[in-house]
Amino acid sequence: MGSVIVHNNVIIGEGWHKKAGEPHAEVNAIQSVRDTPLLKNATIYVSLEPCSHFGKTPPCCDLIIKHKIPNVVIGTVDPNIKVAGNGIKKLLEAGINVKVGVLEKDCLELNKRFFTFHEKKRPYIILKWAESQDGFIAPKERSEQKPVWITNPYSRQLVHKWRTEEQAILVGTQTVIDDNPTLNARDWYGKNPVRLILDQNKRVSKESAIFDNQAQTVVFTSLPFAKDIENTAEKIIDFKENITPQIVQALYEMDIQSVIIEGGKQTLQTFIDAQLWDEARVFIGDKPILKGIKAPQINKTIVQKKHILTDELILIKNHD
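The sections below set out a description of the structure shown in this document. The model shown is predicted, which means the values in this text are computed figures rather than measured ones.

## Details of the overall build of the protein
Regarding its fold elements, the protein presents nine helices and 16 strands. In terms of overall dimensions, the protein has C-alpha extents of about 70 × 45 × 35 Å along its principal axes. Per-residue burial over the protein gives 50% buried out of 320 residues. Contacts in the protein between residues far apart in sequence, at least 24 positions, make up 67% of those at least 6 positions apart.

As structure tokens, this is what we get:
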């Protein structure tokens, strides 16, 4: 969420909400204003309705009212039941001019993770995979190289950037066994995501790179597994039932607002078939594999295509 403060068509303050528990965008924007008396004749623009309740931080409405900012322009109403119009009501009752719905579509896109979390009670789910020119995500044999790279280094760096932008990343058992991934953001500056792995029967070795303590790791399993591994937790789920809603519910309870599903095929297809996904980011390499594991099947409208040198990146959105 972001905020900008304008006085006589000049921006005098800017701010954004960095992470949960820290000051909201409005607070950072107001604190960035050097000449605070100007606030009494300014307009504050916010992408999301200012909060009106005490949560991890004090109400932003109270701060706006305290500084007597006369005009507030809001992109979209907050879906959080604790706010949901109450912030707007509080500002109006204080005599402040409030305008709602400015660039609303853009603000909804900007805050899509937040809205999905509060409206659907689950994280925003991004599917990501790379497939060869002939539609395979991995060769039949991997004896020569682990993992087998389909994309170029620039595409892989972009993936690491994405990892810093989302709270968690999830892979299946076979991906960990075959590729021994670290699932961190080593090729980009930023915070590593929480690493989530599916391991029903404790097949993953405790010596795997995913347990290197560089980031928190959570194992979804049917058996006690990793209590003795540092910075690792476990979530017991019933693998005899549909696992996707169980995973999604657990992530919601963990307060995780976004997750990247990176593989393998069975894990990706499970989320696709359950219609539990919001967008898919698919890289297509420039070389064939000929024999191997076929890419997941997804039937949705492609909304964007672009090239990263020799690779093609396709963005698919689930609007159901």
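## Brief notes about the environment of leucine 170
One can find leucine 170 in strand E8 (residues 168–171). The exposure class of leucine 170 is buried, given its relative accessible area of 0%. Expressed as a C-alpha distance, the spacing of leucine 170 and glutamate 93, which sit 77 residues apart in the sequence, is 46 Å. In this view, leucine 170 contacts Leu196, Leu198, Ile247, Val259, Ile260, Ile261, Glu262, Gly263, Thr267 and Phe271; residues no more than four positions away in its chain are not counted.

## Some points on the packing of aromatic side chains
Overall, the coordinates contain three aromatic pairs when judged by the stated rule. With a centroid separation of 6.2 Å and an interplanar angle of 80 degrees, the aromatic rings of phenylalanine 114 and phenylalanine 115 are classed as edge-to-face. For phenylalanine 114, a relative accessible area of 11% translates into the label buried. Cation over ring: arginine 156 sits above tryptophan 149, and NZ or CZ is 4.3 Å from the ring centre. In this arrangement the basic side chain of lysine 294 is found over the ring face of phenylalanine 136, its NZ or CZ atom lying 4.6 Å from the centre.

## A few points about the pairing of strand E1 (residues 2–7)
Looking at chain direction, E1 and strand E2 (residues 10–16) are connected through six bridges and run antiparallel. Residue isoleucine 5 lies in a different strand from E2, and its bridge partner there is glycine 13. Hairpin connection, E1 to E2: the antiparallel pair is bridged by two residues, and asparagine 8 has positive phi, about 50 degrees. As judged from the four bridges shared by E1 and strand E3 (residues 43–48), these two strands associate in the antiparallel manner. The partner of serine 3 across the bridge, within E3, is valine 46.

Rules used throughout
- Residues numbered from 1 in each chain as written.
- Predicted model: local features only at pLDDT ≥ 70, side-chain atom pairs only at ≥ 80, totals over all residues.
- Heavy atoms only, no water.
- Helix = DSSP H or I, 4+ residues; strand = E, 2+ residues; numbered from the N terminus.
- Buried < 20%, exposed > 50% of the residue type's maximum accessible area, 1.4 Å probe, protein only.
- Contact = heavy atoms within 4.5 Å.
- Phe/Tyr/Trp six-rings, centres within 6.5 Å; stacked < 30°, edge-to-face > 60°.
- Lys NZ or Arg CZ within 6 Å of the ring centre and 35° of its normal.
- Pairing = 2+ DSSP bridges.

Treat this as a map of the structure, not an account of what it does.
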